[in-house]
Amino acid sequence: MLQGKNIIIGISGSIAAYKTITLVRFLIKAGANVKVVMTPAAKEFASPLVLSTLSKNPVFIDLSTESSWANHVELGRWADLMVIAPLSCNTLAKLAHGFCDNLLMAVYLSAVCPVVVAPAMDEDMWKHSTTKENIAKLIVANNKIIPVENGELASGLIGEGRMAEPEAILKFIIEFFTVTGTIKDFAGKNILITAGPTYERIDPVRYIGNHSSGKMGIALAEEFTNRGASVTLVIGPTKQNISSSIYKTVQVTSAEEMYNACVVEFPASDIAIMSAAVADYTPVTASHQKIKKNDLTFTIELKKTKDILGHLGSVKTEKQFLVGFALETNNEREYALGKLKAKNADLIVMNSLNNKGTGFGVDTNQVTIFHKEGKEFEFILKSKMEVAKDIADVIKTCTHE
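Here we summarise the structure given alongside this text. Keep in mind that what you see is a predicted model, and the values were worked out from it rather than measured.

**Remarks on the pairing of strand β8 (residues 190–195)**
- Most of β8 is tucked away, with five of its six residues classed as buried.
- As paired elements, β8 and strand β11 (residues 230–235) share six bridges and run parallel to each other. Paired with A195 across the strands is I235, a residue of β11.
- As paired strands, β8 and strand β13 (residues 271–274) are joined by four bridges and run parallel to one another. Across the sheet, I193 pairs through a bridge with I273, a residue of β13.

Rendered as structure tokens:
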């Protein structure tokens with residue numbers, strides 16, 4: 001399953017380190033090449049001799065000894081994947097802020113491969129606001145988080161913070177090395193995504209519309225599909241190609257049609273992402289015949305369209321997760337946060353037309369994501385496919401808190 005894959009296992013100081021011995025054994029049996037890097041504190045919880053014997057490689061602990069120096073750059077470039085399990089609260093803080101006071105941190109900062117972490121700590125520590133902020137920083141840095149489990153903790157309490165079992169971590173690693181190289185971390189989830197513009201009919205040949213291409217929503221649909229979700233894409237008029245691998249595509253034209261489609265699809269959805277650029281207004285009446293150019297001026301009476309995000313926010317259950325988009329030209333942060341609260345959404349993805357390389361029709365985007373509990377995730381300009389990956393990673397973390 002993992003034949004020839006080079007994997008670094010990082011172990012920090014946590015009682016959960018005893019599980020990592022089993023994980024190393026599983027990885028070796030699956031055909032992986034494993035090298036173990038430990039913090040000095042981790043030696044108190046797992047035997048370097050046992051880990052060395054199982055991995056068939058020396059265990060690296062110190063940056064240097066009297067006779068040698070551990071080449072952290074070489075280690076960081078050797079691996080196809082780095083897995084830190086367990087990730088203690090202390091080491092999490094170091095990762096988030098770039099500290100480099102031991103070999104494990106030096107290897108992490110030198111790694112050019114993807115990094116996966118499996119946190120382990122007591123429930124109060126796991127739920128502390130500082131821990132949440134540090135986890136958010138790891139996500140922004142494109143690290144993958146294996147969700148903690150609920151169970152008996154070292155303190156004797158029962159709650160969240162328990163490191164995932166070795167079997168679950170192994171499964172996570174195997175899924176990482178699939179043909180697509182994508183972790184199927186949304187398997188079993190039903191996700192509703194809206195995309196593209198809406199066209200509001202004036203007469204048989206004219207409409208009110210906008211410049212949305214649908215690229216961002218399609219990128220989201222493809223990302224979640226690749227990660228195992230069953231995606232229903234409700235999309236307005238677009239010239240973009242839509243992947244046949246997406247579970248279900250509903251093509252609509254007007255805001256009314258998009259609203260009706262979302263009302264039908266939302267009850268079966270675990271997650272809904274409203275990325276479409278829906279018209280705010282539509283003509284009160286539409287002519288059945290082409291309107292002739294007779295007068296110097298022409299007036300159209302408009303009425304508000306139905307608020308899709310607001311409606312879904314009013315009917316969503318505690319088990320559903322709702323994401324909205326806010327495209328702004330001024331007072332971006334203020335308006336985005338206001339929309340997050342007013343629509344009862346869980347996340348708002350904000351992007352600005354003032355930023356170069358963002359907006360309609362282009363292949364790049366730059367977003368800031370606001371969570372209803374006050375967390376903020378800010379990203380640099382990236383391709384829309386990469387932005388879709390960032391959004392999915394943030395949703396994954398926020399739905400496992």
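Text resumes after the structure shown.
**A closer look at the pairing of strand β9 (residues 200–203)**
- Pairing geometry for β9 and strand β10 (residues 206–208), over three bridges, is antiparallel. Bridging from a neighbouring strand, R201 pairs with Y207 of β10.
- Counting the residues that bridge the hairpin from β9 to β10 gives two residues.

**A word on the pattern of salt bridges**
- Overall, the coordinates contain 19 salt bridges when judged by the stated rule.
- A salt bridge links K94 to D101, with the shortest nitrogen-to-oxygen separation between them at 2.9 Å.
- Overall, K94 belongs to the buried group, its relative accessible area being 12%.
- What makes D101 partly exposed here is its relative accessible area of 49%.
- For D390, the salt bridge identified is with K382, shortest N-O distance 2.7 Å. Note on accessibility: D390 and K382 belong to one class, buried.
- Salt bridges here are not isolated pairs; linked through shared partners, they connect K144, E223, R227, K389 and D393.

**Examining the sheet that holds strand β1 (residues 6–11)**
- Here five strands make up an open sheet; going across it, the order is β2-β1-β3-β4-β5 and the pairing parallel. Only two strands of the sheet have a single partner each, and these edge strands are β2 (33–38) and β5 (144–145).
- Lying over the sheet, helix α1 (residues 17–29) contacts β1, β2 and β3 (81–87), oriented at roughly 170° with respect to β1.
- Strands in contact with helix α8 (residues 166–176) are β1, β3, β4 (115–119) and β5; relative to β3, the strand with the most contacts, it is inclined by about 160°.

**Notes on helix α9 (residues 215–226)**
- Along its 12 residues, α9 runs 16 Å from first to last C-alpha, staying within 8% of the 16 Å computed at 1.5 Å per residue.
- Of all 12 residues that make up α9, nine are buried, and the element is covered over most of its length.
- Residues of α9 that are buried include every one of M216, G217, I218, A219, L220, A221, E223, F224 and T225, and no others.
- Contacts made by the buried residues of α9 are with β8, β11, β13, β16 (321–328), β18 (364–365) and α13 (384–398).
- Positive phi shows up at G228, right after α9, with a value of about 100°.

**Quick look at the sheet that holds β11**
- Taken in spatial order, the eight strands of this open sheet run β12-β11-β8-β13-β16-β17-β19-β20, and their pairing is mixed. Looking at which strands have only one partner, the edges of the open sheet turn out to be β12 (248–251) and β20 (376–378). On average, adjacent strands in this sheet sit at an angle of 15° to one another, irrespective of strand direction.
- Sheet strands touched by α9: β8, β11, β13 and β16. Its angle to β8, the strand with the most contacts, is close to 165°.

**Some remarks on the nonpolar core**
- M82, F224, I273 and I395 are the most contacted members of the largest nonpolar core, which has 59 residues in total.
- The dominant element in this core, judged by the number of residues it contributes, is α13, at seven residues.

**Topic: the environment of M82**
- Topologically, M82 is positioned in strand β3.
- Judged by its relative accessible area of 0%, M82 is buried.
- The spacing of M82 and V117 is 35 residues in sequence and 8.3 Å in space, taken between C-alpha atoms.
- M82 has contacts with I8, L104, V107, Y108, A111, C113, P114, V115 and V116, leaving out every residue within four places of it along the chain.

**Topic: helix α2 (residues 48–55)**
- Measuring from the backbone nitrogen of L49 back to the side-chain oxygen at the start of α2 gives 3.2 Å, which picks out S47 as the cap.
- Phi turns positive, to about 65°, at K56, one or two residues after α2.

**Some details on unusual backbone geometry**
- The omega torsion of the bond from A85 to P86 falls at 5°, within 30 degrees of zero and hence cis.
- Mapped onto the elements, P86 comes out in strand β3.
- Despite not being glycine, K56 has its phi angle at roughly 65°, a positive value.
- Relative to the helices and strands, K56 is located in the loop between α2 and α3 (72–78).
- Using a relative accessible area of 65% as the deciding quantity, one classes K56 as exposed.
- The phi torsion at N331 lies on the positive side, around 45°, for a residue other than glycine.

What counts, and where the lines are drawn
- Residues numbered from 1 in each chain as written.
- Predicted model: local features only at pLDDT ≥ 70, side-chain atom pairs only at ≥ 80, totals over all residues.
- Heavy atoms only, no water.
- Buried < 20%, exposed > 50% of the residue type's maximum accessible area, 1.4 Å probe, protein only.
- Helix = DSSP H or I, 4+ residues; strand = E, 2+ residues; numbered from the N terminus.
- Pairing = 2+ DSSP bridges.
- Salt bridge = Lys/Arg side-chain N within 4 Å of Asp/Glu carboxyl O.
- Contact = heavy atoms within 4.5 Å.
- Axes fitted to C-alpha atoms, helices over the stretch in contact; angles between N-to-C directions.
- Expected span 1.5 Å × (residues − 1).
- Core = buried A, V, L, I, M, F, W, Y, C linked by side-chain atoms within 4.5 Å.
- Polar contact = N/O pair within 3.5 Å; in protein donor to acceptor, adjacent residues only side chain to side chain.

Function cannot be inferred from these measures alone, as they are strictly geometric.
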